[in-house]
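Letter by letter, the chains look like this.
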Amino acid sequence: MALPNGFVDLAKAYTMPPNSFINIMGVVVDLMPTKPLYTGQHTMTFKLLDTAFRDSVQGNQINGLTVRFFKHDAYKLPDIRSIGDVVLIRDIKMTNYRDQPVAISTWNTEPQVFPASSIPDPKFSIAYQGNERIVSRGAPQDTRKLSLQEQAYVISLKSDLSSSVAASTISATEQNKKREPGPLPPNLAPPMKKARSSTSNFGPKFQLVEELEHMRFANICGEVVKKFSNPFGQCELYLTDYTQNKNLFYYAPPEEEEQDGSRDGDIYAYNQPTRKAWPGPYGRQVLKVNLSEPHSRFADQRVKEGDLVLLQNVKIKIGTYSANPHLEGDMWPDNLSPDKVLVQIIRDHQRDLPEIKALQERKKKYEHMRKSKQPKREEEQRPTSTEDQPVDNNSNNSTTQPIKPANGCNPHIRCSHEETPLTSLRDILDIDNIRHKAKLGGSERRIPFINANYRTQARVVDFEPSAIEDFAVPAIPDAERELSPIDMELTQPPTPGYEWFFKLLLEESGGGGGERERIWVHLQHEEAQYLLGREMEDPQDLRKAPQLLAKLRERLCILWGNLEEKGPDEPISNRPFECCVQEYGQEMDEGDEEKALVPMGWKRLHRLVGTTIL
């Protein structure tokens, strides 16, 4: 069948010069697992085949064109689930890697995946020549572009390459068998998981929290520890079934002593401020699940903390909005049944199910273990006066004092990391240099910065650049970015034409007279995107994009009130808000005159993170 308009076959794509942008379609004949990169991105690699490439000389040698995708959010990668799926890709870039042509995604590449099971036999294709569309997975704005000609080509691809797909499946199975290592000696083998019946009352995808893995789908039954709405009209559930998973976020138990943040010889003295007590369970037992419509509406209205719930078809991934990424779950609408709710509350008549009984038994054991630790903890927490407490001048533990939440905080700003206590700007700045000390070579020295996250209350009193038209700047070329020597296997995806970059001056909130502390916080591209929310379009030259500029101004007004348009003698009219501030360091250039004035040539900086305008 003839190619759709605007597309090239894979044999021609293989011979295209580097930096060519093309549209391609093919059947998946090889699929590698998704993996995270040191840059915070995620990548997936697969091979596509069509009849032209199959019949070419190169096709006989390498069995498919290699395609590589990069995304910061793993769930935005093409949702390919099996060999035999058909993938349509618009605006993908050809490049060379190790003398082999490779198709690599860019920031505007649009993938659309057609599950093999949804593609009809050609003899039934007449039903798809009107308004009927084949089920596909991809961004709605991308899937809507599918033409009848493109849809017909998808149907013919599956039919024409059915034998090649079958061969690829057999080959992949044989390869996996070859890769399987022999049995390890008993003393070196990992602990065996407890056998569970192959059939479960909660479906074949049912898994315990301890079994969850990155980029897998699972049905999960657990107790809701915490629930709240997230910045995008969605809902977040924190769920536990009282099993541990080493890749989950760690909640420290109260009896665990606060660790000294400094280490001899560690010039950066990594530490964190004291966290607010987590009610439990402790350890790595709680999974955060992000729910969107229609699941979020049901959870908001019906689910309460303490309920037992069953969540179906949860996509497990490694979250990216954290310095220490950990597993979390996503629940999006079902493409086949977009109104179907996959959240179920466990009722009394279901309490006799073996899965529920096992969960309740684990909970009892956990609570018994916690009670055994309570008497000691209560004695340790006996109130003492500040004057009675010893002072260790050599300690680098945080002495930050939590501040009381201020009344009248801006309800339209959402701050994550609720487990982190509120800290004053004075303590973040460490005016008295209490925390920025370390023992180096037997003597105490001032250190330039500590890698720490804080949560505070403040309001915006100034910004840079002085014109918000300059809040978007030309992106730094990839060649000028500082890259790790770690082999990336492929070049970085091209950066967009513009990216966000600006600073905000925060002033401490709270009553009382006297001068309030201020701090400049930086917002680079990713932090600014998180602040502005998912509804904000990608940055452009704001002086040539009046609609985007107006939308940006409207969003920032929610954050800073009349700050931009106020007169010289007019007071600022805005409200404080809760936000997360991250401290970090930047090494100064050799020719910088200030380098000699800062400890060890590193400058202490702060950035705004984990904060979103609703």
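Residues numbered from 1 in each chain as written. Predicted model: local features only at pLDDT ≥ 70, side-chain atom pairs only at ≥ 80, totals over all residues. Heavy atoms only, no water.

Break down the overall build of the protein chain for me, citing the residues and quoting the values.
Counting its regular elements, the protein chain contains 11 helices and 24 strands. For the protein chain, with 614 residues in total, the buried portion stands at 45%. A separation of at least 24 residues holds for 71% of the contacts in the protein chain among residues at least 6 apart in sequence. Counting every atom, the protein chain has about 33,000 Å² of accessible surface; 49% of that belongs to carbon and sulfur. (Helix = DSSP H or I, 4+ residues; strand = E, 2+ residues; numbered from the N terminus. Buried < 20%, exposed > 50% of the residue type's maximum accessible area, 1.4 Å probe, protein only. Contact = heavy atoms within 4.5 Å. Areas by Shrake-Rupley, 256 points an atom, 1.4 Å probe, with all protein chains shown as cover.)

Explain unusual backbone geometry to me, using residue names and the numbers behind them.
A negative phi angle characterises most non-glycine residues, just as the trans form characterises most peptide bonds. Residue Pro-294 is bonded to the preceding Glu-293 through a cis peptide linkage, with omega at 0 degrees. Of note, the amide linkage connecting Glu-464 to Pro-465 takes the cis form, showing an omega dihedral of -5 degrees. The topology assignment puts Pro-465 in the loop between strand 17 (452-464) and strand 18 (472-474). Even without glycine at this site, Asn-19 takes up a positive phi of about 75 degrees. Examined against the element boundaries, Asn-19 turns out to sit in the loop between helix 1 (10-15) and strand 1 (21-31). The phi dihedral of Asp-91 falls on the positive side, at around 60 degrees, and the residue is not glycine. A relative accessible area of 31% means that Asp-91 is categorised as partly exposed.

Tell me about helix 5 (residues 148-160), residues and numbers included.
If you check helix 5, its first and last C-alpha atoms are 18 Å apart, about what 13 residues at 1.5 Å a residue would give, namely 18 Å. For helix 5, the complete set of buried residues consists of Glu-150, Gln-151, Tyr-153, Val-154, Ile-155, Ser-156 and Leu-157. Here the buried face of helix 5 lies against strand 1, strand 5 (86-97) and strand 7 (110-114). (Expected span 1.5 Å × (residues − 1).)

How would you explain the pairing of strand 4 (residues 65-71) if you had to name every residue and give the values?
When you tally the buried positions in strand 4, you get 6 out of 7 residues, the bulk of the element. As paired elements, strand 3 (residues 42-49) and strand 4 share 7 bridges and run antiparallel to each other. Across the sheet, His-42 pairs through a bridge with Lys-71, a residue of strand 4. Sheet topology places strand 4 next to strand 6 (residues 100-104); 2 bridges connect them, and they run parallel. The residue of strand 6 that forms the bridge with Arg-68 is Ile-104. (Pairing = 2+ DSSP bridges.)

Tell me about the pattern of salt bridges, and name the residues and values.
Summed over the entire model, instances satisfying the criterion amount to 24 salt bridges. The closest approach of N and O atoms between Arg-54 and Asp-55, which form a salt bridge, is 3.1 Å. A relative accessible area of 57% means that Asp-55 is categorised as exposed. The closest approach of N and O atoms between Arg-137 and Asp-85, which form a salt bridge, is 3.5 Å. In this pair, Arg-137 is assigned in the loop between strand 7 and helix 4 (140-143) and Asp-85 in the loop between strand 4 and strand 5, connecting sequence segments 52 residues apart. Grouping residues by exposure puts Arg-137 and Asp-85 together as buried. Linked by salt bridges that have partners in common, Asp-79, Arg-81, Asp-85 and Arg-137 make up one network. (Salt bridge = Lys/Arg side-chain N within 4 Å of Asp/Glu carboxyl O.)

Give me the packing of aromatic side chains: which residues, what numbers.
Summed over all chains, the structure comprises 9 aromatic pairs. Between Phe-46 and Phe-69, the aromatic rings sit 6.1 Å apart at their centres with planes inclined by 20 degrees, giving stacked as the arrangement. Taken together, the residues Phe-46 in strand 3 and Phe-69 in strand 4 connect sequence positions 23 residues apart. With relative accessibility at 0%, the residue Phe-69 sits in the buried group. Within the aromatic cluster, the residues linked to one another by ring pairs are Phe-463, Phe-471, Phe-502 and Trp-560. For Arg-81, the ring lying beneath its charged end belongs to Phe-217, and the centroid distance is 4.8 Å. (Phe/Tyr/Trp six-rings, centres within 6.5 Å; stacked < 30°, edge-to-face > 60°. Lys NZ or Arg CZ within 6 Å of the ring centre and 35° of its normal.)

I'd like a description of the side chain of Ser-105, backed by residues and values.
Within the secondary structure, Ser-105 is located in the loop between strand 6 and strand 7. Looking at Ser-105, its side chain comes within polar contact range of the main-chain nitrogen of Phe-70, at 3.1 Å. (Polar contact = N/O pair within 3.5 Å; in protein donor to acceptor, adjacent residues only side chain to side chain.)

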